[in-house]
Amino acid sequence: MPSDQTDSRLRAIIETSVDGIVIIDTKGLIRLYNPACERLFGYAVHEVLGRNVSMLMPEPYCSEHDGYIRRYLHTGEKRMIGIGREVPGRRKDGTVFPMHLSVGEGEENGERIFVGIVRDLTSQREMNTALQQREAHLRSIIETAPDALIVIDERGLIDSFSPAAERLFGYSAAEVLGRNVSMLMPSPHRELHDSYIRRYLETGEKRIIGIGRVVVGLRKDGTTFPMELAVGEVNSAGRRQFTGFVRDLTEHQKSQKRLQELQNELIHVARLSELGQMASALAHELNQPLTAISNYLQAGRRIMSMSGGDVAKLSEIMEKATVQSNRAGQIIRRLRQFVEKGESERHVENLNKVVEEATALALVGAKELGVKPSLELDPSYRRVLIDKIQVQQVVLNLVRNAIEAVATCERREVVVITGVEDGMAIVRVRDTGPGLAKEVQDNLFQPFVTTKPKGMGLGLSICRSIVEAQGGRLWATPNPDHGVTFSFTLPLAEKEGDDGG
Amino acid sequence: MTVDDATVFVIDDDEAVRDSVSLLLESAGYRVRTYESGRLFLEEAASLPFGCAVIDVRMPDIDGLELQDALRARGIDIPIVIMTGHGDVPMAVRAMRAGAVDFVEKPFADHVILDSVKRALALARERQRQAAQLAAIRCRVEALTPREREVMDQLVLGHPNKVIAARLNISPRTVEIHRARVMEKMQARSLSELVRMALAIGVVPE
C-alpha cells in the first residue's frame, strides 16, 4: 500500500472518529488534536497545538502529568499505556467530565509519541446514575408499599418476596425464595396453580394477568384471608416472570360487612316503624276474623245446647270458623315474615307473587279510606334475583304512600304494575294523588326530607338504598294527568351471567 | 224460632263478621237482616219493621257514626248498638253521645251482644209503646167537640170551674158537664193525668 494512501486513510479516520484523538510528544506537548476533541474539550485546534496536554486535565493530574511521562520514560513501567482507564477531563470552560482514556505509544520521525484516545463518559455515567436511582426508587416502593409484591418465574418458583409480602403471609423471604408460589394458596388452587401457568404459557389466554381478581391467600400459620391479586408479566432477556401485587382485603371486607349489617339493621328498623304505623289497621284486620270465629263458635254452642241440634248446620258453622282462623293465620304469617330480622339473602323469586303479597299487606286499612288499588301484573311471570322481604318493604312503602296521597282526593286510584323494560324487571306504583311539590321533588330521596307531619323522612331514602343494593334504580315521575308514578327496576334472574369462577 | 216479631239489622262491611253475628243472633232466636253498607241500609230505612240496628263503626263510604247521623236526620228513631274494634273506643263514645244504646268491642262474648240487643229492643219496644200511647191520646183529642176541647184547654191551664165558666161565658153547671165528658173521652182518671196527656202530645195552650 503506498504510504500517501495510508496517510490519507489515517487522516480520514482521525478526522471522522467519534472518539477524541490526541497525540503528544515526550514533553507532553500536543502534536495532533482531532475535531472530536474540539467538540469534547471546547478548545479549537489552534488553541492547543504545541501546548502541554495537561491543560485538558483538572488538578492534580494537571500538575503531575509531566512527572508521569518522565517516570515512564525513566522506568518503562506502564501505568496507563495499553491499559486505559477512566479519568477526569477538563473543558475550556473549566468544567470537569468523566472520560475513558486509552493511551498507545508510537514513533514519529524517530521520536517517541503517545496517542491518547478519549471517550466522553458523561451521558453513560448519567444513564448509569439514572438507572441506579430508578432501581433504588423501585426498591423503596417495593419495600414500603402496603401491597405485597411477589415475583415468580415461569415454573411458578418465587424470585422475589417483598417485606409487605413477608408481613402478609408470615414467611420470611428466605423461607420462600425458590419455592413454588402455590404454597401461598389454599386448595384447590394450590394443586392447580402449576397447570394455570402451563395453560397460560401454552395458550396465551389471560385469565388473571392484567385483569386481577379477589382470591384467598394462605398464611404460614394456616389461616386464610381474602386478597385482591393483580398479576403482570415481565419478559426480559428471554426470561419470563410474573409479578403479583397482593392487597389484603380482610379489613376492607370487615368494614364492608359491618356496613352491610348496619344497612340491614336500618332497613329492618324502617320496616318495624312502617308496621308500627300500621299497627292499628293491622289490629283491626286481625280482629275481624277473630270476631267471626268467636261468634261462630258461640252460635254453635247455642245450637248444640238446643235439643236436636242440627248437625249439618253445626258442621257448616265449624267450616266457617276454620276459614276465618286461616284468614287470621294468613295475616300473621305475612306479618311475621316481615318483622323477622334475618340476614339479607337473595333468591330467585317470582316478581308478581312478591308484589302481590306486599300489596296485600299495604292494603290493610285502605278499604276504610275508600281507596281501590288494582294490580296489573306482567303476564309473563318473570323471575328476579332479590331479597324478597326488602323488595316487599319497598312495595309496601310505595303503595302506602300512594294510598295516603289519594286518601283526600276526588279520584282515589292506586295501580301497581309489573313488567319488563330494557332487560330489567320493573315495578310501578301509580296514584291519582296531588303529585309532588316542586321543592320536594328535588330531594325526594334524601333522608329526613318529608311532607308528613309525623314522618321521619326515611322511607324513600331507604327504599332507594334497598333497590340500588339489589342492582336496580328507583325514581319518580309526575303523571300527565294526576299524581305521580314511582318506578323501580330489578335484575331479571334469567340474565344472571357467569359468576366469574 | 223467634222470641218476638223484632228484627235485628246487622250492618258490617266484613262478610264473615256480618254472617257470624247474624248466626249468633239467630241462634238466640232473633230474626236478622244483614246489610254490607250503610248506604244499602239507608235505602230501606224508611220502611223497616220493628227492631234495632247493630252497626260496625268502621266501614268504607259511610261509617257507623255517619249512618247514625243520617238515620236521625231522616227521623228514623231506631235503637242502635255500635260494634267497635281495638282503639275505636273514642268513636264508640261519640256514638253513645249521639244516642246509641250501647257499644260492644269486637270480639265479644255472646251474652254481651245479646244483652245489648235485648236492651236496644226493650228501648224500641218502650218507644213503640209510647208512640202508640201518644197516637191514642191524639185520637181521643180528635174525638172531643170544639166546646169540650175549649174546656180541656182551660182545665189544663189550671183554671177552676167558675173561672172557666166566666171565660167561656157559660154556666158553671155546663162546664161541669163538659168536664165530665172530657175526662171520660180522654180516659183520664184525674186532672193530673189529663194534664200529662196534654203535655205529652203538646196541646197545652198559651
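Up top you'll find the structure we're talking about.
Right, let's walk through the structure included here. None of these values were measured; they are calculated from a predicted model.

## Topic: the overall build of chain A
Here's step 1: In terms of helices and strands, chain A carries 14 helices and 17 strands.
Here's step 2: Considering chain A as a whole, with its 501 residues, one finds that 40% of them fall into the buried category.
Here's step 3: Residue pairs in contact within chain A that sit at least 24 positions apart in sequence constitute 55% of those at least 6 positions apart.
Here's step 4: Carbon and sulfur atoms form 53% of the exposed surface of chain A, whose accessible area is close to 28,200 Å².

## Some words on the sheet that holds strand β5 (residues 102-105) of chain B
Backbone hydrogen bonds hold the strands of a sheet together, and the pairing may be parallel or antiparallel.
All names here are of chain B.
Here's step 1: Read across the sheet, five strands follow the order β2-β1-β3-β4-β5 without closing on themselves; strand pairing throughout is parallel. Strands at the two margins of the open sheet, each flanked by one partner only, are β2 (31-35) and β5. Strand-to-strand twist in this sheet, taken as the mean axis angle between neighbours without regard to direction, amounts to 20°.
Here's step 2: Relative to β5, strand β4 (residues 80-84) runs parallel, the two sharing four bridges. If you follow V81 over to β5, its bridge partner there is D102.
Here's step 3: Running over the sheet, helix α1 (residues 15-27) touches β1 (7-11), β2 and β4 and is turned about 170° from β2.

## Observations regarding the interface of chain A and chain B
Here's step 1: With 25 residues of chain A at the interface, the matching set in chain B holds 23 residues.
Here's step 2: Summing both partners gives a buried area of about 2,100 Å² for chain A against chain B, and 51% of it is carried by carbon and sulfur.
Here's step 3: Our count for the contact surface shared by chain A and chain B stands at four salt bridges.
Here's step 4: Linking B:D110 and A:R302 is a salt bridge whose minimum nitrogen-to-oxygen distance equals 3.3 Å.
Here's step 5: Applying the counting rule to chain A against chain B returns twelve residue pairs in polar contact (both at pLDDT 80 or more).
Here's step 6: Among the elements that line the side of chain A that touches chain B, the one with the most residues is helix α9 (residues 250-305) of chain A, at 17 residues.
Here's step 7: Its residues assigned to classes, the side of chain A that touches chain B shows nine nonpolar, nine polar and seven charged.

## Examining the packing of helix α6 (residues 146-156) of chain B against helix α9 (residues 191-201) of chain B
All names here are of chain B.
Here's step 1: Direction vectors running N to C along α6 and α9 enclose 105°, while the axes themselves pass 10 Å from each other. By the angle class used here, α6 and α9 are roughly perpendicular. Contact residues: M152, L155 and V156 in α6; L191, L194, V195 and A198 in α9.
Here's step 2: Considered class by class, the residues forming the contact of α6 with α9 number seven nonpolar, no polar and no charged.

## Digging into the pairing of strand β16 (residues 474-478) of chain A
It is a general feature of regular strands that their side chains alternate between the two faces of the sheet.
Residues and elements named next belong to chain A.
Here's step 1: Relative to strand β17 (residues 484-491), β16 runs antiparallel, the two being bridged by five bridges. Paired with W475 across the strands is S487, a residue of β17.
Here's step 2: Counting the residues in the hairpin turn of β16 and β17 gives five residues, including G483, whose phi is positive at 75°.

Rules used in this analysis
- Residues numbered from 1 in each chain as written.
- Chains lettered and ligands numbered in written order.
- Predicted model: local features only at pLDDT ≥ 70, side-chain atom pairs only at ≥ 80, totals over all residues.
- Heavy atoms only, no water.
- Helix = DSSP H or I, 4+ residues; strand = E, 2+ residues; numbered from the N terminus.
- Buried < 20%, exposed > 50% of the residue type's maximum accessible area, 1.4 Å probe, protein only.
- Contact = heavy atoms within 4.5 Å.
- Areas by Shrake-Rupley, 256 points an atom, 1.4 Å probe, with all protein chains shown as cover.
- Pairing = 2+ DSSP bridges.
- Axes fitted to C-alpha atoms, helices over the stretch in contact; angles between N-to-C directions.
- Buried area = accessible area lost by both parts, 1.4 Å probe.
- Salt bridge = Lys/Arg side-chain N within 4 Å of Asp/Glu carboxyl O.
- Polar contact = N/O pair within 3.5 Å; in protein donor to acceptor, adjacent residues only side chain to side chain.
- Nonpolar A, V, L, I, M, F, W, Y, C, P; charged D, E, K, R; others polar.
- Parallel < 35°, antiparallel > 145°, perpendicular 65-115°, else oblique.

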